[in-house]
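An overview of the molecular structure
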Amino acid sequence: MTQTKQTPVVRHLTRYTALAYIAAMLIVPATLILWRTFKPGFGQFYDWVSTPAAKSALNLSLLVVAIVLPLNVIFGVFTALIVARRRFRGKATLQAIIDLPFSVSPIIVGVALIVLWGSAGVFGFVERDLGFKIIFGLPGIVLASIFVTLPFVVREVQPVLTELGTEQEEAAAILGSGWWQTFWRITLPSIRWGLTYGIVLTTARTLGEFGGVIMVSSNLAGKSQTLTLLVNDRYQRGAEYGAYALSTLLMGVAVTFLIVKTILLVRRAWASRQA
Amino acid sequence: MLWLSLIVLLPLVAIAWQAIGGGWQAFWLAVTSHAALESFRVTLTISVVVTIINVGFGLLTAWVLVRDDFFGKGLFDAVIDLPFALPTIVTSLVMLALYGKSSPIGLHLQHTPAGVAMALAFVTLPYVVRAVQPVLLALDQEVEEAAAALGASGPKVFTSIVLPALLPSLLSGAGMSFSRAIGEFGSVVTIGGAVPGRTEVSSQWIRALIENDDRTGAAAISIVLLSISFIVLLILRIVGARAAKREEAAR
């Protein structure tokens, strides 16, 4: 990177203003939570994150991830293939709809699911007549999580596919490989970094979703509380330390996310330098 | 396609249906009630302020990330994404730890509009940076150097060459940040405390309506918020596209 001729005064001024802003806004607050969590010692931290309520919340959150992730991966890769490889009317509309969840508030997602699936909603018959509880049950949490994470895999995989082109796949097809074999041997390996990042984003967002989930969960400790709901619950009941401890746990997920992201960026840069 | 419709479109259609199902009168009453108007006022005022802050500091941060070089820049770059990675409820606690009643720096912003603004500024910090950064990176520096060689001063080069080129991305980042700010819930819920007319944002009002079983009211407010968000995004996209075209024509 070449340096423009900025005067040193201007350069240092901009540099340290930006650094100070980021430090004040991001680094200081995050460090403070860590410090408050571990000040009373690691043992107490462990006690608070291993209470029955915390364990059940962790299990529920992981269960939701286990349901949401495969659905999003299948849908995401499939949609990305269609958007990147096919030309059809309404493609721009389709892409706009895929991006829609990014600009819809989680609270509104909750309201939408309640008016659609709630017992007095448009599809209320599912709960009233079939006895299948969606709102205030696990399916509601899953639906809200799928809604907010839907664009991630598509958005990460699609540009890779577009850039990749179809030459290798066509060659494989000419050499007689079936579509599944082509997909498994050629397409999947090429999109693996994009897909991995999409998976990481989906997991992090699903674990961290709060607004959408609080609307559609019955929020009972030990039953229908995800990790984020339990954080809120503990804070509201005045158990501040317990809330901090769980926050640190979730922050661990966030930091893992950042590390994975950085590694993938380095990998990608390395791969493109090789090409 | 069916999956997409079931997951994304149907719920949104259901909201619209619920909002207007009770008749125009009921919709109008819900969105013009005192509490609703107050929540809109609070939400929009704080979001506009936060977006302006983001544009300023986002531009500055992107500039430093692209044009400057110093030890630890990679780490600095990675940290920017922290608000995207951190669950919003954790953000809320982080904000309280710093600005709440046990604030180590003596700033007590809990239950004040400034506290809400701090939380919103935190969660929307990356948008402008991440929108501007790639464009700035791709920008040809020769034009700037030529202008400087012809005697243009630093600020002049910045405002007449760099800024116009960055305008579309700056606007799109501002749009995303604004749209996120007006819908935000998790990070403002504890620091704001939902004081009507001061810190109660529209998303908190929607939740209050749902808890009182007023689904039509909640749907109506949701529709208004969604519309504001889409209109702002659309306007900024059009302005951005125009600016991009003008920039193209000037070349």
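Conventions adopted
- Residues numbered from 1 in each chain as written.
- Chains lettered and ligands numbered in written order.
- Predicted model: local features only at pLDDT ≥ 70, side-chain atom pairs only at ≥ 80, totals over all residues.
- Helix = DSSP H or I, 4+ residues; strand = E, 2+ residues; numbered from the N terminus.
- Buried ≥ 20, exposed ≤ 12 C-beta atoms within 10 Å, placed from the backbone.
- Contact = placed C-beta atoms within 7 Å.
- Axes fitted to C-alpha atoms, helices over the stretch in contact; angles between N-to-C directions.
- Parallel < 35°, antiparallel > 145°, perpendicular 65-115°, else oblique.
- Nonpolar A, V, L, I, M, F, W, Y, C, P; charged D, E, K, R; others polar.
- Core = buried A, V, L, I, M, F, W, Y, C linked by C-beta atoms within 7 Å.
- Expected span 1.5 Å × (residues − 1).
- Bend = angle between axes of the 7 residues up to and from the residue.

Moving on to the overall build of chain A. From N to C terminus, chain A includes 13 helices and zero strands. Reading the helices (α) and strands (β) of chain A from amino to carboxyl end gives α-α-α-α-α-α-α-α-α-α-α-α-α. Taken along the three principal axes of its C-alpha coordinates, chain A extends 70 × 65 × 35 Å. Residues classed as buried in chain A amount to 39% of the 275 residues present. For chain A, the share of sequence-separated contacts (at least 6 apart) that also reach a separation of at least 24 residues comes to 73%.

Looking only at helices and strands, chain B has 12 helices and zero strands in total. Mapped in sequence order, the helices and strands of chain B form the string α-α-α-α-α-α-α-α-α-α-α-α. Based on the C-alpha atoms only, the size of chain B along its principal axes is roughly 65 × 50 × 35 Å. For chain B, the residues scored as buried account for 47% of the 251 residues in total. Counting contacts in chain B only where the partners sit at least 6 residues apart, residues at least 24 apart contribute 80% of the total.

This part is about the packing of helix H1 (residues 8–38) of chain A against helix H6 (residues 88–99) of chain B. Between H1(A) and H6(B), the shortest axis-to-axis distance is 9 Å and the interhelical angle comes to 85°. Taken as axis vectors, H1(A) and H6(B) run roughly perpendicular relative to one another. Touching A:Val28, A:Pro29, A:Ala30, A:Leu32, A:Ile33 and A:Arg36 of H1(A) are B:Leu93, B:Val94, B:Met95, B:Ala97 and B:Leu98, all from H6(B). Here the residues of the contact of H1(A) with H6(B) are counted per class, giving 10 nonpolar, no polar and one charged.

Before going further, it helps to examine the nonpolar core. A general trend in soluble globular proteins is that nonpolar side chains are found buried together. In this structure, A:Val111, A:Ala112, A:Leu113, B:Leu93 and B:Leu120 are the most contacted members of the largest nonpolar core, which totals 141 residues. Tallying contributions element by element places helix H7 (residues 113–138) of chain B first for this core, with 14 residues. Residues within four places of A:Leu113 in sequence aside, it is in contact with A:Ile135, A:Gly140, A:Leu143, A:Ala144, A:Val216 and B:Pro11.

Next up on the list: helix H7 (residues 138–164) of chain A. All names here are of chain A. Between its first and last C-alpha, H7 extends 39 Å over 27 residues, near the 39 Å set by a 1.5 Å rise per residue. Along H7, the sharpest kink reaches roughly 40°, centred on Val148 and followed within four residues by the proline Pro151. Extensive coverage of H7 is indicated by the burial of 19 of its 27 residues. Downstream of H7 by a residue or two, Gly165 has a phi angle that is positive, lying close to 75°.

Looking now at the interface of chain B and chain A. Taken together, the contacts link 63 residues of chain B with 64 residues of chain A. Considering each element in turn, the side of chain B that touches chain A owes the most residues, 12 residues, to helix H1 (residues 2–21) of chain B. Considering only residue class, the side of chain B that touches chain A consists of 44 nonpolar, 12 polar and seven charged.

The next subject is the environment of B:Leu29. Residue and element names in this part refer to chain B. With respect to the helices and strands, Leu29 occurs in helix H2 (residues 24–32). Since 15 C-beta atoms lie within 10 Å of it, Leu29 is described here as partly exposed. Along the primary structure Leu29 and Gly72 are separated by 43 residues, whereas in three dimensions their C-alpha atoms are 55 Å apart.

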